[in-house]
Amino acid sequence: EKLELIGIKTPRLISISSKEIIEEYIEYGNLYEYLVKHDDIDIASKAGIITGILHNSGYTFTDNKSQNFLVSKDKDLIRIDLGLMQTNISLFARSMDIGTFLGSVLDLESKKYHEIEREYLNAYVKTTGSIIPYLSVILRNVLALGFVNDHNKMMKNMTKKYNS
């Protein structure tokens, strides 16, 4: 309910019992898989906006990886896995959100990764009116080790600045 009030969408709850939770079906699945299959890089800016809105409202997700965003048929992002959300907007918590998102996509093809990074960070800065916390890059690199499947692409993206 708090997220809905600040404009962040979550799946509609269909039913809940002591054994299961059933939520609405979201057509395109998680954002990471969507980015692998599609060239719709602009959608990364929506994740940056959502992260910025959350930070402006005094919250962080902590587990802000791309797999925790679902893509609807209308190309809206739906935030899932809200268990680690907290009222902590410290430098470290904000850096974790940004680093977690970027680390989760760090093994995508180099040109695509750098475009996603640019879209996400530009949208975040525009939404918050603040600079990117300096710890974000360090946390991105450390967290990516546990997130990515292709460590060769990850290393290439960590060390190469892509110029379009």
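All of the points below concern the structure found in this document. None of these values were measured; they are calculated from a predicted model.

What about the pattern of salt bridges?
Counted under the stated rule, the structure contains 6 salt bridges. For the salt bridge of K65 with D63, the shortest nitrogen-to-oxygen distance reads 3.7 Å. Overall, the relative accessible area of 13% leaves D63 in the buried class.

Re the packing of aromatic side chains
Summed over the entire model, instances satisfying the criterion amount to 3 aromatic pairs. Where Y28 meets Y34, the ring centres are 5.4 Å apart and the plane angle is 75°; that geometry is what we call edge-to-face. Between F101 and Y120, the aromatic rings sit 4.2 Å apart at their centres with planes inclined by 10°, giving stacked as the arrangement. You can see F101 sitting in helix α4 (residues 91-104) and its partner Y120 sitting in helix α5 (residues 110-128), a full 19 residues away along the chain. Residue Y120 is classed as buried on the basis of its relative accessible area of 0%. One aromatic cluster in this structure is built from F69, F101 and Y120. Here the guanidinium or amino end of R79 rests over the ring plane of F61, the centre of that ring lying 3.8 Å away. Between the NZ or CZ atom of R79 and the centre of the ring of F69, over which it lies, the distance is 5.2 Å.

A closer look at helix α6 (residues 135-147)
One full turn of an α-helix is made of 3.6 residues, so residues set three or four places apart face in the same direction. Between its first and last C-alpha atoms α6 spans 18 Å; for 13 residues at 1.5 Å apiece the expected length is 18 Å, and the two agree. Listing the buried residues of α6 in full gives S136, L139, R140 and A144. Of the surrounding secondary structure, the elements contacted by the buried residues of α6 are α4, α5 and α7 (151-159).

What to know about a nonpolar patch on the surface
A contiguous nonpolar patch, built from L13, I16 and I21 and spanning about 310 Å² of accessible area, is present on the exposed surface. Overall, the relative accessible area of 44% leaves L13 in the partly exposed class.

Description of the nonpolar core
By size, the foremost hydrophobic cluster in this structure holds 31 residues, and its most contacted members are L31, L77, F101 and I116. For this core, the secondary-structure elements that each account for two or more residues are α2 (31-37), α3 (43-56), β3 (69-71), α4 and α5. Ignoring sequence-local partners within four residues, the contact set of L31 consists of I43, A47, S66, F69, V71, L77 and F101.

Overview of α3
Helix length check: α3 (14 residues) gives 20 Å between terminal C-alpha atoms against 20 Å at 1.5 Å per residue, within 8%. Within the span of α3, buried status applies to I43, A44, S45, A47, G48, I50, T51, G52, L54 and H55. Lining the buried residues of α3 we find α1 (2-5), α2, β3, β4 (77-79), α4 and α5. Of the residues flanking the end of α3, it is G58, one or two places downstream, whose phi is positive at about 90°.

Digging into the packing of α4 against α6
One can describe the packing of α4 onto α6 by two numbers: an axis separation of 7 Å at closest approach and a directional angle of 50°. Here α4 lies oblique to α6, going by the angle between them. The crossing of α4 and α6 is right-handed. Contacts between α4 and α6 involve L91, F92, S95, M96, I98, G99, T100, L102, G103 and S104 from the former and L135, S136, L139, R140, L143, A144 and F147 from the latter. Of the residues assigned to the contact of α4 with α6, the class counts are 10 nonpolar, 6 polar and 1 charged.

About the thresholds
Counting restarts for each chain, with residues numbered from 1 along the sequence as it is written. Per-residue local features of the predicted model are confined to residues with pLDDT of at least 70, and side-chain atom pairs are confined, for both listing and counting, to 80 or more; whole-chain, interface and lining totals are unaffected and use all residues. As a rule here, side-chain values cover all heavy atoms of the structure and leave hydrogens and water aside. By definition, a salt bridge exists where a carboxyl oxygen of Asp or Glu is found within 4 Å of a side-chain nitrogen of Lys or Arg. Burial classes: relative accessible area under 20% of the type maximum marks a residue as buried, over 50% as exposed, and values in between as partly exposed (1.4 Å probe, protein chains only). The rule is short: rings of Phe, Tyr and Trp, with Trp giving its six-membered ring, pair when the centres are within 6.5 Å, and they are stacked under 30 degrees, edge-to-face over 60, tilted in between. Each helix is a run of DSSP H or I of at least 4 residues and each strand a run of E of at least 2, with the numbering of both proceeding from the N terminus. Placement of a charge over a ring requires the Lys NZ or Arg CZ to be within 6 Å of the ring centre, with the centre-to-atom vector within 35 degrees of the ring normal. To estimate the expected span of a helix, subtract one from its residue number and multiply by 1.5 Å. In this description, contact between two residues means that some pair of their heavy atoms is separated by no more than 4.5 Å. Each patch is built from residues lacking any salt bridge and having more than 30% relative accessible area; the joining distance is 9 Å for like charges and 5 Å for nonpolar side chains (Val, Leu, Ile, Met, Phe, Trp, Tyr). All accessible-area figures derive from a Shrake-Rupley calculation using a 1.4 Å probe, and residue coverage is judged against the displayed protein chains alone. Here the nonpolar core consists of buried residues drawn from Ala, Val, Leu, Ile, Met, Phe, Trp, Tyr and Cys, with membership extended through side-chain atoms lying within 4.5 Å. Axis definition: a line fitted to C-alpha atoms, over the contacting stretch in the case of helices. Angles run 0 to 180 degrees between N-to-C directions. Here is the rule for angles: anything less than 35 degrees is roughly parallel, anything more than 145 is roughly antiparallel, 65 through 115 is roughly perpendicular, and the remaining ranges are oblique. Left-handed is the label given to a crossing in which the near helix is rotated counterclockwise from the far helix by less than a right angle, and right-handed is the label when the rotation is clockwise. As a working rule, the residues Ala, Val, Leu, Ile, Met, Phe, Trp, Tyr, Cys and Pro are called nonpolar, Asp, Glu, Lys and Arg charged, and the rest polar, with Gly in that last group.

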